[in-house]
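What follows is each chain in one-letter form.
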Amino acid sequence: MKCPKCGNEDCQIINETTTKGKDFSASKGCCGAILLGPLGILCGTCGKGRKTVNTNYWVCSQCGNKFKV
């Protein structure tokens, strides 16, 4: 793979991971604990909607340019 910026052929692929959304809702967990007891704490994880996105990039070892193919 050649770098489009400098033309160097010494490039490596990297994986960039990003996450969006909430993991645990404390307010839902507290309400669930009050209404349903200890099992109600699991309500905090209901509908959490956390998403993970992986993106692959090439990185030039000479100039540091990050690019997709």
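Residues numbered from 1 in each chain as written. Predicted model: local features only at pLDDT ≥ 70, side-chain atom pairs only at ≥ 80, totals over all residues. Heavy atoms only, no water.

Some words on the environment of glutamine 12
We count it as follows: Elements are defined by DSSP. Helices are runs of H or I of four residues or more, strands are runs of E of two residues or more, and each kind is numbered from the N terminus. For every residue, the accessible area (1.4 Å probe, protein chains only) is compared with the maximum for its type, and the residue is labelled buried under 20%, exposed over 50%, or partly exposed between those bounds. Residue contacts are counted whenever heavy atoms from the two residues lie within 4.5 Å of one another.
With respect to the helices and strands, the residue glutamine 12 is situated in strand β1 (residues 11–20). The class of glutamine 12 is exposed, set by a relative accessible area of 53%. Between the C-alpha atom of glutamine 12 and that of valine 59, which follows or precedes it by 47 residues, the distance is 5.4 Å. Aside from chain neighbours lying at most four places away, what touches glutamine 12 is Tyr57, Trp58 and Val59.

Let's talk about the pairing of strand β2 (residues 51–60)
Note the threshold: A pair of strands counts as paired when DSSP detects no fewer than two bridges linking them.
Judged from the ten bridges that link them, β1 and β2 form a sheet pairing that is antiparallel. Among the inter-strand pairings, threonine 19 is bridged to a residue of β2, identified as threonine 52. One ladder, built from two bridges, connects β2 with strand β3 (residues 66–67); its direction is antiparallel. Bridge pairing in β3 links tryptophan 58 to phenylalanine 67.

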